[in-house]
Amino acid sequence: MLLPSTQAKTLKERDQQAIWHPFTPLPDADQVISLTKAEGVYLYTSDGRKILDAISSWWVNLHGHSHPHIAEAVYKQATTLEHVIFAGFTHEPAVQLAERLLDTLPSNQDKIFYSDNGSTAVEVALKMAFQYWYNQGISKKKVIALNGSYHGDTFGAMSVGDRSPFTAPFNPYLFEVAFVDFPACQKQDCCGGNSGETSVCPSVNEVIHSFTALAESGEVAAFIYEPLIQGASGMRMYAPEILDTMLSVARKHNILCIADEVMTGFGRTGRLFASEYCRELPDIMCLSKGLTGGTMALGVTSCTAEVMQPYHSDDLMKTFFHGHSFTANPLACAAANASLDLLLTEDCQANMRRIAAKHEKFMEQITAHPAVEAMRCKGVILAIEVKTGTETSYFNEVRNSLYTYFMERNLLLRPLGNVVYILPPYVITNDELDTIYAAIYELLEKVR
């Protein structure tokens, strides 16, 4: 029952009084849109609009909103066990999910550690890597990361992410990280071509040289990376051959490799995990977002048996002292198991291939358009840089006008600066994709 003071106010008015929204300037708080429900690829508003969610609600939704199979799994679980402390207890949804994940992850992954979200999955990975060396009495304190990376908003995750206006207030409190340039190849058929050689690209060679010099110091504990695609920096993509070279160097110098698959996991790149494109496998992997099909918050950090070895000790001080109140929440695990049910079906895999093929065809149609600065596609992810005459950046001011343009057409496309990207739920139809493509083409014509 609403309090008397709230009965006459709209949801939006009550929101403005009570809530602080993420990534939203406070003066813009009145721009929020009130939703009443969501179903499939659509969000339904209190004023009767029907908005197509073309970015899977921040990349989390795999199978469409309010999917009945996931909803039923959560409901059934809620009637038996909603939550229990995970220190000293276990339950079927958590064990089943761990077993199934280990069956689908790269073959070297051996154990699952649960947390709450992508940022905490990264925090767990970093702490796991640092303590791996600490437990052995080995001093390795450096981390290598890529410029432009984003790994989350908690302090460890911010530390290994790109230094930007996002982190500026906190930079004095972040630990030092060795950043190497993003290995962007300037030649279309160079590092991503059939040859698999990086020697023909001077810019990539320089990145490998810098990476190798850091690795040779013997002081590096871990290398953390977003495999093949940097999401928040504009869906920037690099070839698996380049990543394989970096991982091989890291392996040679006994550096733990952490793959942040929070965004790329669960089919987004066309394979279940982006790491599957590489010959070299990570030691530690971070998962979240699509893990539960976008239904509930859940994070996973997986690791190899070798990473766990220094923790096998009767010495209490070699225990991994990390945990969360809602670790392995049964409801979230039930949602994740239901999402995996759907993800592993041939229908879902066929949908992923269909979306990728549609993206490629649309790219061919606009490849020579004068308003297109660049394009890239991997799996169900399509990114288009709109030519603005200014540098590509998250803070490119054109972002606000682009966002408004699409919202006026009832399309949720949240550009990364001047980069318009599509990352849809797998249930999106060809007609719905065509609606998105038509709006983007219309935009390009206006820019032109």
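Preceding block: the structure.
Residues numbered from 1 in each chain as written. Predicted model: local features only at pLDDT ≥ 70, side-chain atom pairs only at ≥ 80, totals over all residues. Heavy atoms only, no water.

## Points about the sheet that holds strand S12 (residues 299–303)
Consideration 1: Spatially, the seven strands line up as an open sheet ordered S4-S12-S11-S10-S7-S5-S6, and their pairing is mixed. Unpaired on one side and paired on the other, strand S4 (111–115) and strand S6 (178–180) mark the two borders of the sheet. Adjacent strand axes in the sheet meet at a mean angle of 20 degrees when their direction is disregarded.
Consideration 2: When strand S7 (residues 220–225) meets strand S10 (residues 256–260), the two strands line up parallel, connected through four bridges. Of the residues in S10, the one forming a bridge with Ile224 is Ile258.
Consideration 3: Here helix H7 (residues 202–215) sits on the sheet in contact with strand S5 (142–146), S6 and S7, set at roughly 160 degrees to S6. (Pairing = 2+ DSSP bridges. Helix = DSSP H or I, 4+ residues; strand = E, 2+ residues; numbered from the N terminus. Axes fitted to C-alpha atoms, helices over the stretch in contact; angles between N-to-C directions. Contact = heavy atoms within 4.5 Å.)

## Examining the layout of surface pockets
Consideration 1: Estimates place the volume of the second largest pocket at around 1,500 Å³.
Consideration 2: Residue lining of the second largest pocket: 31 residues in total, with Pro22, Thr24, Arg399, Tyr403 and Arg414 positioned closest to the centre.
Consideration 3: Of all elements in the fold, only strand S1 (35–39), helix H2 (56–59) and helix H12 (398–407) reach the threshold of two or more residues within the lining of the second largest pocket.
Consideration 4: Counting residues per element, the lining of the second largest pocket draws most heavily on H12, which supplies five residues.
Consideration 5: Per-class residue counts for the lining of the second largest pocket are 17 nonpolar, seven polar and seven charged. (1 Å grid on protein atoms, 1.4 Å probe; cavity = no way out; pocket = protein on both sides within 12 Å on 5 of 7 lines; lining within 4 Å. Points joined across faces, edges and corners; volume = space filled by probe spheres on them. Nonpolar A, V, L, I, M, F, W, Y, C, P; charged D, E, K, R; others polar.)

## Some points on the packing of helix H4 (residues 92–104) against helix H10 (residues 330–343)
Consideration 1: In the contact formed by H4 and H10, the axes pass within 8 Å of each other and the chain directions differ by 40 degrees. By crossing handedness, the relation of H4 to H10 is classed as left-handed. Note on element contacts: H10 touches H4 through Pro330, Cys333, Ala334, Ala336, Asn337, Leu340 and Asp341, opposite Pro93, Ala94, Gln96, Leu97, Arg100 and Leu101.
Consideration 2: Within the contact of H4 with H10, the residues separate by chemical class into nine nonpolar, two polar and two charged. (Left-handed = near helix turned anticlockwise from the far one by under 90°.)

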